[in-house]
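# Structural characterization, general
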Amino acid sequence: MTTEAAATTAPADIVVALAGNPNAGKTTVFNAITGAHQHVGNYPGVTVEKKEGGRRFDGVAIHVVDLPGTYSLTAYSLEEVVARNYVIEERPDVVIDVVDASNLERNLYLTTQFIELGVPVVVCLNMVDVAESRGRSIDTELLSELLGVPVVPAVASRAEGIEELLRVAVETAREGRVPQRQVRYGRELESHIVEIADLIVQAGGGTREVPARWMAIKLLEDDDEVRREVEEALEDGDNLLARVDRVRAHLESVIGDDAELALADRRYGFINGACAEAVSSSAETPVDWSERIDAVVTSRILGIPIFLLLMGGMFELVFRLGAPPMGWLETAFGWLGTYVSALLPDGPLQSLIVDGIIGGVGGVLVFVPQIMLLFLAISLLEDSGYMSRAAFVVDKLMHHIGLHGKSFIPMLIGFGCTVPAIMATRTLESRRDRLTTMLVTPLMSCGARLPVYVLLAGAFFAPQVAGKVIFSVYLLGVLLAIVMARVFRSTILRGPLTPFVMELPPYRMPTLKGTLLHMWERAWCYVKKAGTVILAASVIIWALLTYPQPPAGTDLAGEPEIAYTVAGRIGHILEPAIRPLGFDWKVGISLTAGLAAKEIVVSTLATTYSIGESEESGAPAVREALRQDPIFSPLVAYALMIFVLIYPPCIASMVVLWREAGSWKWLAFAVLYTIALAWLMSFIVYQGGRLLGFG
Amino acid sequence: MTEAIALSESLEDYLEAIYQLQRATDAVRVKEIADFVGVKMPSVTAALGTLKERGLVVHERYGEVALTETGRTTAEFLHRRHYALTAFLRDILGLDPAQAEEEACGVEHALSPETLRRLLALIDFLERCPRGGDDWLEHMAHRWEDIPCARDCAACISAIEVPDRNPFAARKGTENATTLDRLSPGMRGKVLRLGGEPQIRRRLMDMGVTPGAELEVERLAPLGDPIEIEVRGYHLSLRKREAAGIAVEPL
């Protein structure tokens, strides 16, 4: 452990970048190489995740960087740009390109682009066992010769071939051996590639890192990033680009297709040729199990029921199985609080440590079981291949509200808890989809808001209708989420709809190691990135609710002590603003406190009505106190439920949103829009209700 | 295409001239055509009359000359034919570029679309064959005879499908061409063209949906959209709206 752990921190002898298509088993290869010696961060300036790890092999310290999974190296998606820029700018010593042997043709497309880029590449031919079980055998030596790069067969899930892969990678890196072949684009295209490459060299562009030939090809593909690069960095870049445009127009007229298509076609031609020689298929085609499973799982009749069943199962797993450990954690922290209270004298220090810090840490960790279970479920769904089927099944529905089929899962999880729900948006590829989903997910009413509804509905509505009242609040949340998603997609997050051109990978058995690592990684990510901020925020909220305290003997004029604190004063200050909603300062205090977490609304109401917090006697007493309060009526209670539904669910969810969105501006926007919407909806309900005579 | 063949040599030259001029300038006038082809203005006017009768150009006397839709298609064909032939003479037969250009001008009018299609397929094959390609052409340029190949070429060559990637590919299948969203589950098709938004086109290309690729519609999602297809040995899903931009020839 100690020596290997040192490998992750010591300066590496060799830097390896791990690339490959999504679903090619890149993560499995990464895990097989690095074991548990990995950590997760972000690529600088973007929210694309960067996994790194280390390994000592044969006396060489290897540092492995996991590039985002991509199908290509165009400037099509953020992931592709990140992967490409990493290879160009950071110049790893060697790129290991993980290729799915059972889906060779399409996987090699990315390989051709690394070859073009002229970096040392080793192809890891993963899942050769699957390919063989489908009757395909691959002559790796011949394939290697035809592609001009080393090819190493492997079965990463069983760690087979990983040693050999590392040996070849180290050798290739040491020798700096670049690909020995180039994709030939045919006379017509080649002559123009050469012409433009020459112009680039004349203009002072083209280096060993960024070959002029590669730039020329990208220009013919009308690659935005490279165009910008040329315009900014090369002398006379405008002229060069004008020339490129003429060549593109010319090519279009003689080929009858645009240049991009012709280039893609040639790359596939190159791959076809290589595969035709190096791959032999047995005459009989074995049973395609994926096909058989899909015939049921995505069928017209059973597709939706199976989807609902699995989603229901996931929800149960996360929230039902997550409940006991959450309870244990709460009990443990409650016990710890009591224990520490006994050790310390009463006073501000005791309150800070017990209510502020211990309470805060408890508030952070209490989400961990749910997050781990959620990512267990997501990991199983993704690794098995069902996730893309789920998106396939519900895409039509989500498409109507301007989102991707995969947005369904975060929104569903939102009914349990907003924190893991926002983290679940990671499965979305498009940033716009991700942000939209993150912004509307809080509108799905989470479990913590339920006690507030129960309290208010129980106090002001007959038992027969209370359930329907609560249901209407949930329904309103869903409707608002749909409306807001549409609004965001056509205003601040306007942009082309994300194409649904998505691979449906073959079903596979998830590996225990991969699933556990994934779970652990997410939980740790949450604790490290969000936990500290949530803790700090909890302490601040605690302080607001505690200080300043009224000096002994102050006349509070019948108001509870909490009215004297900052939160209490905020409640008073807020009163004019929330008066049109039918709320008074006591509600104001509760709503302020509710920013910490929704459960606190109930206990704060209890405090403001000067009722003890003990749960058994608390709730009925609060109900009674609310009923006695002249400002409350069924209408006000309903308006308050709606306000609680819409305004920020809790500090933790907002911090997670900030972390996941990557900018505090999105946090500010989310907080402001939900508060404004909450005010507006409550206003409409309260004032509308009064006009209709429900006041 | 038959129209293109029915034109006389000189009319073809005029049409091609107008096409080239139109690409370079906004408005094409008789004077410019005369200069380009190297004849007097009255000859141009006479030729334009015939072309106008055939519905290939629109021409107001003394005014601008413009190609009609049919005219443009025909001219494009002529242009590509000329270009492809020059490329063959220059790149495959290794003739000097100027000579290639001149001889192409002489020969082109006699070539039928079918002959040209095969010629282009040959060029494509020569450039694509993993055993041949540039090296092969270089050897040929030296010796002008077959070079012995150490490996099993028969297996290799038979495995390479000569793609229909030539200027006429798109048009050839046009009679029964349709779009991917109209194929029902179980039907197979061959991609002819990709349309639609650039972002989607680019993604489709990266995923291997390129002209010439064969695909099969597997099924529709339970709600009727998106659809699942099999292409290049794997499964892909896409929305009908995206599939509508893919022109296919049912197989």
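Note that the coordinates shown come from a computational prediction; the quantities given were computed from them, not determined experimentally. (Residues numbered from 1 in each chain as written. Chains lettered and ligands numbered in written order. Predicted model: local features only at pLDDT ≥ 70, side-chain atom pairs only at ≥ 80, totals over all residues. Heavy atoms only, no water.)

Residues and elements named next belong to chain A. The domain boundaries assigned to chain A delineate domain 1 (2–175), domain 2 (186–281), domain 3 (290–320 + 367–446 + 465–498) and domain 4 (532–691). If you average the C-alpha positions of domain 1 and of domain 2, the two centres end up 26 Å apart. Taken together, the contacts link 26 residues of domain 1 with 24 residues of domain 2. Carbon and sulfur atoms make up 61% of the surface buried where domain 1 meets domain 2, a total of about 2400 Å² over both sides. On the domain 1 side of the interface with domain 2, the three residues burying the most area are Glu 105, Tyr 109 and Glu 116, jointly 25% of the side's total. Connecting domain 1 to domain 2 are two salt bridges. (Domains from an automatic or database assignment. Contact = heavy atoms within 4.5 Å. Buried area = accessible area lost by both parts, 1.4 Å probe. Salt bridge = Lys/Arg side-chain N within 4 Å of Asp/Glu carboxyl O.)

Attention now moves to the domain arrangement of chain B. What the domain assignment lists for chain B is domain 1 (1–111), domain 2 (117–163) and domain 3 (177–250). The gap between the C-alpha centroids of domain 1 of chain B and domain 3 of chain B is 37 Å.

Right, let's talk about the sheet that holds strand S7 (residues 234–238) of chain B for a bit. Here seven strands make up an open sheet; going across it, the order is S10(A)-S7(B)-S6(B)-S5(B)-S4(B)-S8(B)-S3(B) and the pairing antiparallel. The sheet is open, and its two borders are formed by strand S10 (502–503) of chain A together with strand S3 (178–179) of chain B, each paired with just one other strand. Inspection of the sheet shows strand S6 (residues 227–231) of chain B paired to S7(B) by five bridges, in the antiparallel sense. Bridged to Val231(B) within S7(B) is Tyr234(B). Helix-sheet contacts for helix H13 (residues 289–297) of chain A involve strand S5 (214–220), S6 and S7 of chain B, and the interaxial angle to S5(B) is about 35°. (Pairing = 2+ DSSP bridges. Helix = DSSP H or I, 4+ residues; strand = E, 2+ residues; numbered from the N terminus. Axes fitted to C-alpha atoms, helices over the stretch in contact; angles between N-to-C directions.)

Here Leu381(A) lies in helix H17 (residues 368–384). When near neighbours in sequence (up to four residues on either side) are disregarded, Leu381(A) contacts Met311(A), Met314(A), Tyr386(A), Met387(A) and Ile409(A).

Right, let's talk about the packing of aromatic side chains for a bit. Residues and elements named next belong to chain A. Counted by the stated rule, this structure contains 15 aromatic pairs over all chains. Aromatic pair Phe 415 and Tyr 474: ring centres 6.2 Å apart, planes at 25°, arrangement stacked. Of this pair, Phe 415 sits in the loop between helix H19 (408–413) and helix H20 (418–424) while Tyr 474 sits in helix H23 (residues 463–490), and the two are 59 residues apart along the sequence. Where Tyr 453 meets Tyr 474, the ring centres are 6.0 Å apart and the plane angle is 80°; that geometry is what we call edge-to-face. Of the two residues, Tyr 453 sits in helix H22 (residues 450–460) while Tyr 474 sits in helix H23, which places them 21 residues apart along the sequence. (Phe/Tyr/Trp six-rings, centres within 6.5 Å; stacked < 30°, edge-to-face > 60°.)

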